[in-house]
Structure formats: structure tokens, C-alpha cells
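Inside the fold
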Amino acid sequence: MQYLIATTFEVVHYIVLQAVHYKPLQEVHLSRYNQMSVFDSFLAAHPGEFVIVLMRYESDRQIFSKIDESYYKAAMRAFLSSDPHYQARKAAFRKDLTVGEMRGKILIISRNDLSPDSSCETAFTGWNHGNTAGAYTTVSGTGGMARIFVQDMYSPAQNDDSSDEDFLAKKKELVCAMMDISASFRTLDVYANAWMINYCSAYVGSPLSSDAYARNAVSTNRAAYDHLSGDSNPTGFSGLIMMDYAATSVYSLSTSASVSVSSSGSVSGINYVSSSGTLSGSNLSFSRSGSASASDTDFSVSGDLLLRAIIDNNFRF
């Protein structure tokens, strides 16, 4: 489950996300009930804000047991229909939702159809993992249907199994192209009330390793920041931006153990080639000579710069 806590702008689909995506692979240790309680407490303290939750049935990470999708949907509907925090703050989807209507509320956008009704006001949306920009699908709820643009190319596999370098280049291209499409919503009637979800988030390497997400963030977050801040910056709102390491300048990968190095392999997601030997300490990185350097494990993820650029861009309109 990914959650978005938004600052207020003209309409919902033009907001900037204040807390966009927690650090990849970080366990939050919150039950569904406790998550809603956290959202409720936040909104009580900040009544001018609102929360958008993106969620789906996760079928490809079930290693030790299998939960059927029908069971998931029934359990989620039962939870949402009875949870007092959600019931007090639920927002029904409409394509023309305004910030005024959303303040203090929780909107759930699900990638599985939970059969929304008055007790379970969840929007249902299609998705896109492709490597082209401009295609759209639909998002619908009890308040009707809207056009939604989604860019979520999350790994080289979605880019025709390309090299990491080609994937990162394509990812930057798509993110910036989608920002330009979102900006056009202000002036093109055909896109009136369209929604936009644009993922900077992705990974290069193992999806179980945080540095794989950091490698993408170094490239993509910075490119998005440069695009918003440059001379040819978009002339409209940026849309919903999903990013890793939001509000973070530098992410440091830490290992606190003795590491034996004898052949090619990987340690905590760091690829290395080294001669035989033993290295120990914290913040280790590896080179062909077998040396260790703390600075090599620092990733300039630019989450702080990108977040500020989104806010500054959206307040211009």
C-alpha cells in the first residue's frame, strides 16, 4: 500500500504530494486499522490536508503462502466498511473532485475492483507498466468515470529487458513526457478532468534491495527536478508524482558486519568484483581492487529538490 499526503491546490488531480513514498523496503509495521488511525490523527491535526491511498492485491510477492484475490477483496471490503476512521473520512471518487471537497478526507484508489458503494467508496483504476507515454485508461467510482494517465515503468524488464543504462534513459524520458502531458490539462478541453499518476519510483537491480531503488532515484529524481526547474519547464500542474526518498537529499546504504570477499557476487545488493580478502566496517562499498569507501554508498537521490520543485511549480498556477 502506498499513501500520499497532499498539500492543497486547485483540484485534486493537480496536487503535489507532501509525503509521497516511504523509503523502499522499509517495513512500517502497521496493520490496516493502525494505518487508518495514523491517517485520521494526521488529518485531525492538519484539517486542510487530505490523503490518497493507492493499493492492489499483491500476487507476485507471496512466497510462503497464497492468498486468493477473491479472499483479499472480500476482506478489504469488510475492513473498509467497518473501520471507523475510514468511515468518518471516506471520499467518493468523482472526476472533478476539488480540494475543498477533499480536505480532511481519505480517497482510496484500488487496482482491484472492490465493487464500490456508499460503505466502500473505493475508486477502481486500470494501470500501465509500458515504456511509452501518452496512453490512458480509466478510473471509476460511485461518482462516475474519468480518464487517467499512468506511467509506472518500474524495471528494465518493462523496457524490453533493456540494459540498466537504457532503462534509466527511457525512465527519465517518460517521467518528463508525462509531466508535459499533465501540464497540458490546463489548456486542452479534451483533457478536462483527466487524472495523472506519474512514477519516478523504479529499481535497477534486485527489487529486494534498497540501493536498487536509490540507483534509479539518483537518475530519475534529478531529471524530474531539472525538467521542472529548467528554462523549458512545464506550463501547468505536475500531476500526482510518486517518488522514492521524498524530501531526502542523500540516502546512505549501511552494512555493519565483516564481509569475506573471495569471488564475484553481491552483498546487500552491492555488486562487487574483488580479490580474496576480508573487509569489515560500516558503509562498505567494493571496487575491483577490494577497497572500501563510505562515500561510494551515498546516493544523491535529490528527493528534497524534487519535492520543492513540484511545490514551486504547482503554486505558479
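Up top you'll find the structure we're talking about.
The present account deals with the structure reproduced in this document. Note that the structure is a prediction, hence the values are computed from the model and not measured. (Residues numbered from 1 in each chain as written. Predicted model: local features only at pLDDT ≥ 70, side-chain atom pairs only at ≥ 80, totals over all residues. Heavy atoms only, no water.)

Looking at the packing of aromatic side chains
Counted under the stated rule, the structure contains 11 aromatic pairs. On the basis of an interplanar angle of 35 degrees and a centroid distance of 4.9 Å, the ring pair of Tyr245 and Tyr251 is categorised as tilted. Taken individually, Tyr245 and Tyr251 each receive the classification buried, so the pair is uniform in this respect. Put simply, the rings of Tyr136, Phe149, Phe185 and Tyr191 touch in pairs and so form one group of aromatic residues. Sitting above the plane of the Tyr136 ring, Arg147 keeps its charged end 4.2 Å from the centroid. (Phe/Tyr/Trp six-rings, centres within 6.5 Å; stacked < 30°, edge-to-face > 60°. Buried < 20%, exposed > 50% of the residue type's maximum accessible area, 1.4 Å probe, protein only. Lys NZ or Arg CZ within 6 Å of the ring centre and 35° of its normal.)

Considerations on the pairing of strand 6 (residues 136–141)
Direction of pairing for strand 5 (residues 122–125) relative to strand 6: antiparallel, over a ladder of two bridges. From the neighbouring strand, Phe124 faces strand 6, where its bridge partner is Ser140. Where strand 6 lies against strand 7 (residues 144–151), six bridges are found, and the strand directions are antiparallel. Across the sheet, the residue bridging to Val139 is Ala146, located in strand 7. (Pairing = 2+ DSSP bridges. Helix = DSSP H or I, 4+ residues; strand = E, 2+ residues; numbered from the N terminus.)

A few points about the environment of Asn314
Here Asn314 shows up in helix 7 (residues 303–314). The buried category is assigned to Asn314, whose relative accessible area is 0%. A C-alpha to C-alpha distance of 10.0 Å links Asn314 and Pro234, two positions 80 residues apart in sequence.

Quick look at the nonpolar core
Formed by 21 residues in total, the largest nonpolar core has its most connected members in Ile52, Leu54, Phe93, Leu107, Ile109, Trp195 and Ile197. Looking at this core, the elements that each hand over two or more residues are strand 3 (50–55), helix 4 (99–102), strand 4 (106–110), strand 7, strand 8 (195–199) and strand 9 (240–242). With 16 residues, the next largest nonpolar core counts Met36, Val53, Met55 and Leu80 among its residues. (Core = buried A, V, L, I, M, F, W, Y, C linked by side-chain atoms within 4.5 Å.)

Things to note about helix 2 (residues 69–82)
Within an α-helix, residues lying three or four positions from one another point in the same direction, as the helix has 3.6 residues per turn. Across its 14 residues, helix 2 extends 20 Å between first and last C-alpha, which sits within 8% of the 20 Å expected from 1.5 Å per residue. Along helix 2, the residues that are buried comprise Tyr72, Met76, Phe79 and Leu80. Down the axis of helix 2, the smallest arc covering the buried residues is 90 degrees, so these residues share one side. Facing away from the buried surface of helix 2 by more than 90 degrees, the exposed residues are Tyr71 and Ser82. Structurally, helix 2 contributes buried residues whose contacts are with helix 1 (32–45), strand 3, helix 3 (84–89), strand 4 and strand 5. (Expected span 1.5 Å × (residues − 1). Arc of directions from axis to C-beta. Contact = heavy atoms within 4.5 Å.)

Describing the pairing of strand 4
Among the five residues in strand 4, five count as buried, and that is most of the element. On strand 4, burial covers both faces: Ile106, Ile108 and Ser110 on one face and Leu107 and Ile109 on the other are all buried. Summarising the sheet, strand 3 and strand 4 pair through five bridges and their orientation is parallel. Opposite Leu54, over in strand 4, you have Ile109 as the bridge partner. Bridge analysis of strand 4 against strand 5 gives three bridges, and the strand direction is parallel. By the bridge assignment for strand 5, Ser110 is matched with Phe124.

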